[in-house]
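Chain and residue survey
Take a look at the letters that make up each chain.
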Amino acid sequence: MPLNYSKWDQLELSDDSDIEGHPNVDKRSLIRWKQRDIHEKRETRKLKISALGAEIACNGVLSPRLHSVRATLGSADGGLKYFQQLVEKLQTQPSPEAPPTNAKDQPTYDAMMLSLLLQVWDGAKSLPADEREAAVLSGLDKHIKQLTDHTKKLEKDLADEENEQRKHITSEDIHEGFESKYTPAKPPPPPVKNAKIDAPTKAKTKTTEFEVLNPAASSSSKAPLPSAAPKSSPDTDEEDEVEEELPELTPSLERFSHLSLWAYEQSFGFIQANRDVIVPGASDALLVAAFRAESKGRFKYAEKCVHQSLLLQYCEKLGKDGVRLFFQKMIAGDQRAVSVFVKDVEGTYSHLKTRAKAAATETSDAQKEQIQLVPENPSATISFNVPDGPPPEDLRLEGPGTEDLEVEQVREALQMRWDVFESFPEDLKAALKVGTLDEVNKVLGNMDVNVAEDVVGKLEVAGIMSFVSGGVRDETGNRDEEDEEEENAE
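For the structure given in this document, a descriptive report is provided here. Within any chain, residue numbers begin from 1 and follow the written order of that chain's sequence. Residue-level local features of this predicted model are given only where pLDDT is at least 70; pairs of side-chain atoms are given and counted only at 80 or more, and the full residue set underlies all totals for whole chains, interfaces and linings. Heavy atoms from the whole structure form the basis of all side-chain values; hydrogens and water molecules are not counted.

Some points on the side chain of Ser257
Defined as follows: Numbering of helices and strands starts at the N terminus; helices are DSSP runs of H or I of at least 4 residues and strands are runs of E of at least 2. Under this definition, polar contacts are N or O atom pairs within 3.5 Å; protein pairs additionally need one hydrogen-donor-capable and one acceptor-capable atom, and for neighbouring residues in sequence, both atoms have to be side-chain atoms. Whether two residues touch is decided by their heavy atoms; if any such pair falls within 4.5 Å, the residues are in contact.
By the secondary structure assignment, Ser257 is in helix H7 (residues 251-257). Reaching out from Ser257, the side chain makes a polar contact with the side chain of Tyr301 at a distance of 2.9 Å. The contacts of Ser257, once residues within four sequence positions are left out, are Leu286, Tyr301, Lys304, Cys305 and Gln308.

Some details on the nonpolar core
For clarity, the threshold we go by: Throughout, nonpolar core names a set of buried Ala, Val, Leu, Ile, Met, Phe, Trp, Tyr and Cys residues whose side chains join them through atoms within 4.5 Å. Burial classes follow relative accessibility: with a 1.4 Å probe on protein chains only, a residue under 20% of its type's maximum area counts as buried, one over 50% as exposed, and anything between as partly exposed.
In terms of nonpolar packing, the biggest core is built from 33 residues, with Phe256, Ile271, Leu311, Leu312, Phe327 and Phe341 touching the most fellow members. Per element, the largest residue contribution to this core is 8 residues, and it comes from helix H10 (residues 299-317). Leaving out residues up to four positions away in the same chain, Phe327 has contacts with Tyr264, Ser267, Phe268, Ile271, Leu311, Cys315 and Ala332.

Some remarks on helix H2 (residues 80-92)
What counts here: Multiplying 1.5 Å by the residue count of a helix minus one yields the expected span of that helix. Regarding the arc, it is the one traced by the directions from the helix axis to the C-beta atoms.
For H2, with 13 residues, the first-to-last C-alpha span of 18 Å sits near the 18 Å given by 1.5 Å per residue. Listing the buried residues of H2 in full gives Leu80, Phe83, Leu86, Val87 and Leu90. In an axial view of H2, the angular spread of the buried residues amounts to 120°, which keeps them on one side of the axis. The exposed residues of H2 that point more than 90 degrees off its buried face are Lys81, Lys89 and Thr92. Where H2 is buried, its residues contact helix H1 (27-74), helix H3 (109-124) and helix H4 (129-166).

Thoughts on unusual backbone geometry
Positive phi, close to 60°, is recorded for Trp262, a residue that is not glycine. Here Trp262 lies in the loop between H7 and helix H8 (264-273).

Quick look at the packing of H1 against H2
Put simply, the rule is: Axis angles are defined between N-to-C directions and span 0 to 180 degrees, where every axis is a line fitted to C-alpha atoms and, for a helix, only to the segment in contact. The sense of a crossing depends on the near helix, which, turned anticlockwise from the far helix by less than a right angle, makes the crossing left-handed and, turned clockwise, makes it right-handed. Throughout this entry, Asp, Glu, Lys and Arg are counted as charged residues, while Ala, Val, Leu, Ile, Met, Phe, Trp, Tyr, Cys and Pro are counted as nonpolar. The remaining residues, Gly among them, count as polar.
The geometry of H1 relative to H2 is characterised by a closest axis approach of 8 Å and an angle of 145° between their N-to-C directions. Crossing of H1 over H2 shows right-handed handedness. Where H1 approaches H2, its residues Val69, Thr72 and Leu73 are matched on the opposing element by Tyr82, Phe83 and Leu86. Counted by class, the contact of H1 with H2 contains 5 nonpolar, 1 polar and no charged residues.

Quick look at the side chain of Asp110
Of note, Asp110 is situated in helix H3. Among the polar contacts listed, one links the side chain of Asp110 to the side chain of Arg65, at a separation of 3.1 Å.

What about the packing of aromatic side chains?
The cut-off we apply is this: Two aromatic rings from Phe, Tyr or Trp, using only the six-membered ring of Trp, form a pair when their centres are within 6.5 Å; if the ring planes differ by under 30 degrees the pair is stacked, by over 60 it is edge-to-face, and anything between is tilted. Whether a charge sits over a ring comes down to the Lys NZ or Arg CZ being within 6 Å of the ring centre and within 35 degrees of the ring normal.
Counted according to the given criterion, the structure contains 10 aromatic pairs. Summarising the aromatic geometry, the rings of Trp418 and Phe421 are spaced 5.9 Å apart at their centres and angled 35° between planes, so their arrangement reads as tilted. Of this pair, Trp418 and Phe421 both sit in helix H13 (residues 407-423), separated by 3 residues, roughly a single helical turn. On the basis of relative accessible area, Phe421 is assigned to the buried category, the value being 2%. Following the ring pairs from residue to residue traces out a cluster consisting of Trp262, Tyr264, Phe268, Tyr314, Phe326, Phe327 and Phe341. Seen from the ring of Phe299, Lys353 lies directly overhead, with NZ or CZ sitting 5.6 Å from the centre.

What follows is the structure, given as structure tokens:
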């Protein structure tokens, strides 16, 4: 196959060794002059190409506008009246739209249109009134033809300049064709949080045993000293009792768990687009999410999580190419494989449903909080003083210590005590009338914590519940004094 070297003919060099010049001028200066001449011509050509492109674009905007004005003037709705209105609008309400150039004092499109229309009117206003409209139309046709011819000439000049530019190879034409780079493979996605990962097996180490003449003496001389068994600290016991953290769903697994049941093509596409779905602990995290959803009553979502978890387990068990093998059979509709998978999903979900119900029952029984009355001091007892009814209308205060009490204050206290007692439910009032602590605790245990706390507070405020210290009290001699006080009172 012959090689084509014609592309090197377009290479323009500025330091060629074949340069011939005047003998009184050194060769280096000639090379620099030629190099500067090449760069100047190149920049001039670039500027000319840019100017030609900008002028052609400007003419491309003005030409449709002129054709629109010409068509409207030639119609029945046009005429000189429309022409004058258009000129007035361009003078009073010009649009700021202008060609995208950095030239100073760049006129807008409306300014250029106004200048052209005024030129046409200057050539027609000196004619009689009945000839002005025809002169305006003729002038517009003339300018449209000139603009079209000028645009074609500009396009030809632009094509010539671009062809001349392509004849020379410059540094701007250098582009990257083929490149060989090493792109490292993406690191594998991290496992699910709190996932159980099997620890790597330890390497086997070889040990050398030396045979001795007297093994008993050798072993006794090197026997280790007895050491005390390490005591387990409270901190260690607490760490053993800490509940093991369960794997959690990642954002990708969260979206994966909401896919439809038995939609194998959808699941296969999602796995191909998200590498972090098949990671250690993903199937366990989905089973944990299924158990939590089942406990909260989200049965449909729980079944979806079980389905996706078993799907990942099957892919993992089939080996390195397990994802492709599993979905190939499922999408193809292999009846034996599909029936096995469906049966496994239904059985696993049924077992999870049973375990969720059992766990909910155990939790409700074990974690139910209760309020129970227990005396702080073992020797003390709790008694209940239940009022028989509201205070009587004829209330009298008798006995020692009642001199400083007012009848109305005592009446209010007794009435409040009776109102509090009447506000209690019937089972609590019946337990208070029995007067034993066990009966009251039974009723409090069946109440909510907030309600039971409120009841205990009301019992204390109303004076229905009282604490009595236990033990033996010596009242010898005090009894005679009390009898004397009772006789004096009578």
